[in-house]
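# Architecture at a glance
Below are the chains, spelled out letter by letter.
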Amino acid sequence: MDTTDYSEFVIPHTKKDLLRCSDTTANSYTVTELCSPRRISQKVLEACNSFQSDGTDSLLRTFDTHFSVVFHFNDVDDSIRVSSWNCLIDCLSGLYGAIDSCIAGDAGSRPKCRLLLKMSTYLICQHLQSLVSLQSVGRESVNLPKGRGKKASTLLSNGSSVNIQLESQRALDLLGGVAMRRLNKLWANGVVEEEFVSMVTGVAYKLLESPGLSRVIGIKESVFYLIGVFIKRYSHGVTASVKVIQLLQLYEHLPAPMAEAVTFWVAGGATTVVSDVLQELRKLSDLSRDPVASKSIAGFLVELTERLPAEVYQGLYLLVDLLDSDPYSLRSALLSVMGELVRRLFADRRTSDSDCRTSDRDRRSRDQLLDRLSDHIHDVNAYVRSRALQTFQTLSLSDAIPLSRQTALVGAVVGRLSDKSSIVRKSAILLLRTLVERNPFAARLELPELEGILERERTALAGLGTAEETDVLERWELMFPAVVDRVTELQETDELSLEGVLDEGDSLETVVESVRKLLEASRFADAVTLVAAARCVFPEAELLRSRTADPLGALVEAVKRVYVAEAVVEVPEEFDPRRVLFGEVRETTQTEATQTEERREERRVKQRLVVEYLSECVAFSRHINSSGPVAAQLLNSRTPTDVLESVQFFVTMKKFGLPVAELGVRRMLSLVLSREVSVRDAVIAAYRQLFLEPSTPLSPRNRCVYVVDGLSRLVDDLGHGELVCLEELIKCLVVSNDLGRNCFNVMWEKFSGSFPGSSYGDSVAAARLLGMVAAAKPEVVLSNLETVIKRGLRSEKDLELRSASYRAILNASLKRNKELNNLQPERLSDGCELVTESVALLEESFTEESSSNWIPLADLVIKTVYSISEHPDSISGRIIRGLAGRLVRVTTDPVTTDPVNTDPVTTDTVTTDPVTAACNAVTSDEISASPVLLSRYLTVVSIVALSQLVHLDVNLFLELKRRDGVGKPSVTDSRYSVTARPSVTARPSTAASCRGDPEDEAPPSEDVHADAIRSVCDSELLSASGLLGRALPLVVEVCSRPHRYPDPRLQCAASLALARFALVSPATCERHLQLLCTVLDRSADPVTRGNLVVALGDVAIRFPNLADPWTPHLYARLRDQSPFVRDHAVLVLTHLVLNDMIKVRGQISEMALCIVDEVKPISDKAKLFFSELSMKGNSLYNILPDIISKLSDLSEETGTLSQTVATKFTTTLPSNDVDETTFRRIMSHLLAFISKERQCESLVEKLCFRFRASRTDRQSRCLAYCVSELLATERVVKKLLEHFNCFQDKLVDGCVFDLMSVVVTKARKLPKGDTKSVVDEFESKLEEVLKKGQDPNVSGEVNEVLNKTVNKTVAKKRGGKKVATNQTPRVTRGGRRRIRLEDSSEGEENVEPIGD
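Tallying secondary structure elements over the chain gives 59 helices and three strands in all. When burial is assessed residue by residue, the chain has 53% of its 1396 residues classed as buried. Sequence-distant contacts in the chain: of pairs separated by 6 or more residues, those separated by 24 or more amount to 76%. As presented, the chain carries roughly 61300 Å² of accessible surface, and 50% of it is formed by carbon and sulfur atoms.

Printed below as a string of structure tokens:
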């Protein structure tokens, strides 16, 4: 159709607008012939031929044809699209060359040119948009480029394809070229119509919406260029800004491309785009409902700031309000923006603000940004707090944090180490580590040394000051405490009102003079108020400016500056106060008399800067040291990231010489035994870095000396548990070859004393290190056994070196026996030098009562004898007889006994047996034995008994198994033969079962060996005819008569000895278990009670059926007066319950009470116990009803928390001890572990039935509180409705009513649906009860008081449990458990528990 009669082409909003004519488009073009898809092929061919003959004018006649292709784009064939597309591109290309001539020619030809331009551009844009839309719908058929130079194509219906990347590039280049023409000349008013601009730019934005096309560099740059042309030439800037924000809200892949686009436009001269975008961003509201949009905008802001920091800073005022917006992602992004601005624009940090190269305006801008960052360290959202800390870390890495802010920042970050969020704690500790590593002060931050330097420089400054200045400073020091107190008081009481303090005509000089007069008159409150008002009126005054972020400190500092009139003096740029820390020589003051006053003033200013710098350095070091205890607590965190970052933090602190690093280095040792592989590896790497890698290059010899010296210093101050962890660490280092032969040689030199300058302490430390090395490489010690005997065992100074030497031998022998596996172990004869020295050592030092290390040494000697001796029972018998003889001689002088007898432990004795004589002498009413010697004797006897048990149960059992594997044992080899000890196995049948006399008989099974050994332990090891059996009555005598043997050390040793004897034989255990429990209940010594708690735990593991009736005595120790005993009771019961050694009975409520123990370690252990118990299936759920019942039912009929073992040293609680506040604290912690809906439902049902049985209002309130703490799910509310009658009468109590209302409130937070109707029904029932005349506020005050006091400390009183008389032993578990060597207890002299 000929279109020459139409004067205008109105760009339609939709395609269908061109199909109908309206009043507004009466003079515009309308499509009159829309071709169907079946007829369009021929029409397109005719249109292409028409273009070939008539050129661009043919579009006026063929527009309908091309429009039909666009209209039916998805239904037409690919070839038709391609033909139409190529024709349109050629048409616009031809028009592109004619635009300039049309503009320069006759004005009458411009309407036709404009018409052709609009029609061709419209069709091309529609083609391109349809192609992109088709690609977006069928992404699976699109091959987008995966690298540079690869093309993307859209596969179409007939198998051919359109290269969308290439065609888009063609169209964009063509449209960009057209836009560069003076298109405004084609319009009569000289302004390109908005619809045309929107149409062309719309297709550009459409291309950006495609994730694949927006990554293609060529297309992306062409789009940016096209939009940039329209922004600069056709006033598209505001629209582009709006479109940018819209696209960011819809597409999460566009933050980086949009930031790149804005950067491109700004570089092209569109300088207002950034402010326009930020202005549009400010208009957004309620982004919290669209997390994708807020995240996308946040990423855009960060990207834009990195590219255009100056432009973003100019419009930053538009974004300040977003810091208070709800989407945390926007707040986090703005913090990153501010940090980037500080880093890029204000990162010129000098040693002090007064010497900064930046202008005052820039400095104020920087401080404002940093203040904003500091404020959000305490943001309500954990991610924002973490981002603020991360931003400061980035600034610290860029040296962009001013020196004056370092100390205040450290103080704020230390507080975040205790944050409840792990990501905040991780960011905080990373920032602290970075601040220490990048600190502007010194490479070493030893606080005592820095304080000494500061004092020296202050003295030098005082020498440079005038008499008047010195007097002013002295007066300020006197009034300083009063000023601080008054400022604090005004801040706390909010009395600091600044209205009307200053008049309009007051100048800064007038204010300064008034403040000084007020301070001289001791009117500190008025002076502080005046300074605060002056800071608001004169914010630019340097004299009133603060160098700290703390408001209180800032005000005090301003008062000081006003009073002492500190002046800001320009300092030469080459002056650096840090030189004083590196020992650089400065000019002395000896020639001051010849210097001019001007020179003196300059030196005074420099010295003041030095003092200021050192003051900041000391304050920084103090704050960092204050973070040590908090970071040390993070080493025990259950979050691996906390532990890993804390480990690295202490490594850094150690390198910088901070004293508190020693605390962390010691705490880290326990992590060597961590179950987390990453934590264990990190700790080993940390110690390797600290002790094995010197900071400066050293020769191999000096490096080994450095390593050994460092480990020696570490081993000196460690306790028993820490030494065990260090031993594991040394083993790991030896296995990894980090500790090699050269280091071992240095250790031997220090041990033997041949190393130059080595002392006795160095020998002890070296012996301990060698013992730890021997646990990994036994040959290191066993190959030098002669040196150990000569230097270690024959030491005359103290028993400490001997103990370390025996530990080394013991570790080496145990490791060697494990390595031999099925090979025959190597053992020493009874007459060897080591055995002889061991026996002589114990006998000779037995009577030295002043030695406090004798019992640990004896324990090591006996264990060493059992690990290396060929006949350890014979040697131990000699030791017991020798000690018994000496005890008799000391007790009754003279005594005619032979103290040395070579018979084995269990050999029959004659009438002159020293053991019997010792028993008779000690129990005689006419003789008083030494408590120290008697405690040593009893300890040695019990250690021998336990060692003999381990020897039979482990070493002999393994030897018999080994022999079964290699054939019939030799008759002559009696080292491990049970028959070699007639007194041990007197029954022939038992011996025959182990000998296997018939040659054709098969080797005995492991059960046969185990039964034979068990028989020996049960009936013969402690028989009355044996040596140990004859010593047992003395142990029982001492334990049974504490009034005759009152010494605490003796009672402790006797009770431990009796516990060890009980571990040997079930008969002995059953006979004396009641005595042990009596001593546990009645002993006045907390160490004795604590040790017996551990001992009874061992008995419960070895003989669970025998110990089961006596477990209430263990639970009773949870209420012991001594924290030492309670701590041991919690640990033992935790081990027994979690390992299913004892049943969880009603006394478990005693463990629940420990949750609120006043001693925090005990409380933490109890919380950890229930946390672990909650992971064992339904264990915690099953015992919760009983706990609730016992803690809430405190009536007199049931006693104090059911029946308990009430003893002299157990706190017997009154019936009202567990008040409701304590009950709520306990149950709040326990019910938090019930997270399964089915468990909550069942527990609610049980609690409803308990309401009927409740006899007091207190019980009802406790039960209602438990219901309110559970998850308020739909099923829970239904259960409450079902059993509403159970607690309906209890609703008269206002507290119960309020707690049931809490269930309604919690349930309404659940997703809507059927839940709403159920909750409404339950609420209506509650309201119905209220309307019946019952007053639910009767006890409302009770609930209010409970809520206010829920966090108060628990009362100190505690109580125990009574043993039920009808309890019977449990028969579901085996009668005993095998003992392992590492499970045996070590005897300690005074206060060490048996389990250590």
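Phi is positive for aspartate 399, which is not a glycine, with a value near 55°. Within the secondary structure layout, aspartate 399 lies in the loop between α15 (382-397) and α16 (403-416). Backbone geometry places asparagine 737, a non-glycine residue, at a positive phi of 65°. One can find asparagine 737 in the loop between α29 (720-735) and α30 (741-752).

A separate point is the confidence of the model for the chain. Residues of the chain with pLDDT of at least 70 account for 78%, and the chain-wide mean is 77. Throughout residues 566-575 the model reports pLDDT below 50, and contacts reaching past four residues in sequence, or to other chains, amount to 17 contacts.

Here the focus is the packing of helix α9 (residues 255-267) against helix α11 (residues 291-307). Relative orientation of the contacting elements α9 and α11 amounts to 40°, with a least axis distance of 8 Å. Put simply, α9 runs oblique to α11. For the element pair α9 and α11, the recorded crossing hand is right-handed. Two secondary-structure elements touch here, α9 through Pro255, Ala256, Met258, Ala259, Glu260, Val262 and Thr263 and α11 through Ser296, Gly299, Phe300, Glu303, Leu304 and Arg307. Split by residue class, the contact of α9 with α11 holds seven nonpolar, three polar and three charged.

Evaluation of the coordinates by the stated rule reveals 52 salt bridges. The partner of lysine 750 in a salt bridge is aspartate 709, and the shortest N-O contact between them spans 3.1 Å. Of this pair, lysine 750 sits in helix α30 while aspartate 709 sits in helix α28 (residues 700-716), and the two are 41 residues apart along the sequence. Classification of lysine 750 by relative accessible area gives buried; the value is 5%. Residues glutamate 728 and lysine 731 are paired through a salt bridge, measuring 3.6 Å at the closest nitrogen-oxygen approach. In this pair, glutamate 728 and lysine 731 both sit in helix α29, three residues apart, roughly one turn of the helix. Here lysine 731 falls in the partly exposed class, since its relative accessible area comes to 25%. Among the charged side chains, a network of salt bridges with common partners joins Arg366, Asp367, Asp371 and Arg405.

Okay, helix α14 (residues 360-375) next. In this model α14 runs 22 Å from its N-terminal to its C-terminal C-alpha over 16 residues, within 8% of the 22 Å that 1.5 Å per residue would give. Within α14 the residues assigned to the buried category are Arg363, Ser365, Arg366, Asp367, Leu369, Leu370, Leu373 and Ser374.

Glancing now at the packing of aromatic side chains. Taken as a whole and judged by the stated rule, the model has 19 aromatic pairs. Arranged with centres 6.2 Å apart and planes meeting at 40°, the rings of phenylalanine 9 and tyrosine 29 form a pair that is tilted. Separated by 20 residues along the polypeptide, phenylalanine 9 in the segment before α1 (40-54) and tyrosine 29 in the segment before α1 bring together distant segments of the chain. Looking at phenylalanine 9, the relative accessible area reads 0%, which means it is buried. Chaining the aromatic ring pairs together yields one cluster made of Phe9, Tyr29, Phe63, Phe67, Phe71 and Tyr122.

So, on to the nonpolar core. Counting 388 residues, the largest nonpolar core has Trp265, Tyr937 and Met1227 as the members making the most contacts within it. Here tryptophan 265 is in contact with Phe224, Ile227, Gly228, Ile231, Ala240, Val244, Ala270 and Val273, once residues within four sequence places are set aside. Counting residues in hydrophobic clusters, the runner-up holds 28 residues, among them Val512, Leu518, Ala534 and Leu543.

Our next topic: a nonpolar patch on the surface. There is a patch of nonpolar side chains on the surface, built from Met180, Tyr225 and Phe264 and spanning about 250 Å² of accessible area. Inspection of the secondary structure assignment puts methionine 180 in the loop between α5 (164-179) and α6 (194-209). Judged by its relative accessible area of 32%, methionine 180 falls in the partly exposed class.

Glancing now at the environment of glutamate 833. Structurally, the position occupied by glutamate 833 is in helix α35 (residues 833-845). Glutamate 833 sits in the partly exposed class, given a relative accessible area of 35%. Residues glutamate 833 and glutamate 786 lie 47 residues apart in sequence; the distance between their C-alpha atoms is 9.0 Å. Not counting the four nearest positions on each side in its chain, glutamate 833 is found in contact with Ile789 and Arg794.

Turning next to α16. The first and last C-alpha atoms of α16 sit 21 Å apart over 14 residues, in line with the 20 Å expected at 1.5 Å per residue. Counting buried positions along α16 yields 10 of 14 residues, so the element is predominantly enclosed.

Packing of helix α44 (residues 1066-1082) against helix α45 (residues 1086-1102) leaves a shortest axis separation of 10 Å and a crossing angle of 150°. By the angle class used here, α44 and α45 are roughly antiparallel. In this structure, the crossing between α44 and α45 has a hand that is left-handed. Across the interface between the two elements, Cys1069, Leu1073, Leu1076, Cys1077, Val1079 and Leu1080 from α44 touch Thr1088, Arg1089, Leu1092, Val1093, Leu1096 and Val1099 from α45. Taken together, the residues of the contact of α44 with α45 sort by class into 10 nonpolar, one polar and one charged.

Next up on the list: the environment of serine 1163. Examined against the element boundaries, serine 1163 turns out to sit in helix α50 (residues 1160-1174). Here serine 1163 falls in the buried class, since its relative accessible area comes to 6%. Sequence separation of serine 1163 and alanine 1152 is 11 residues, and the distance between their C-alpha atoms is 9.5 Å. Contacts of serine 1163, omitting those with residues within four sequence positions, involve Cys1154, Ile1155 and Asp1157. Of the polar contacts made by the side chain of serine 1163, one reaches the backbone oxygen of isoleucine 1155; its length is 2.6 Å.

Take the environment of glycine 771 next. Within the fold, glycine 771 resides in helix α31 (residues 760-774). For the pair glycine 771 and glutamate 727, spaced 44 residues apart in sequence, the C-alpha to C-alpha distance is 8.3 Å.

Calculation rules
- Residues numbered from 1 in each chain as written.
- Predicted model: local features only at pLDDT ≥ 70, side-chain atom pairs only at ≥ 80, totals over all residues.
- Heavy atoms only, no water.
- Helix = DSSP H or I, 4+ residues; strand = E, 2+ residues; numbered from the N terminus.
- Buried < 20%, exposed > 50% of the residue type's maximum accessible area, 1.4 Å probe, protein only.
- Contact = heavy atoms within 4.5 Å.
- Areas by Shrake-Rupley, 256 points an atom, 1.4 Å probe, with all protein chains shown as cover.
- pLDDT = per-residue confidence, 0-100.
- Axes fitted to C-alpha atoms, helices over the stretch in contact; angles between N-to-C directions.
- Parallel < 35°, antiparallel > 145°, perpendicular 65-115°, else oblique.
- Left-handed = near helix turned anticlockwise from the far one by under 90°.
- Nonpolar A, V, L, I, M, F, W, Y, C, P; charged D, E, K, R; others polar.
- Salt bridge = Lys/Arg side-chain N within 4 Å of Asp/Glu carboxyl O.
- Expected span 1.5 Å × (residues − 1).
- Phe/Tyr/Trp six-rings, centres within 6.5 Å; stacked < 30°, edge-to-face > 60°.
- Core = buried A, V, L, I, M, F, W, Y, C linked by side-chain atoms within 4.5 Å.
- Patch = residues over 30% accessible without salt bridge, like charges linked within 9 Å, V, L, I, M, F, W, Y side chains within 5 Å.
- Polar contact = N/O pair within 3.5 Å; in protein donor to acceptor, adjacent residues only side chain to side chain.

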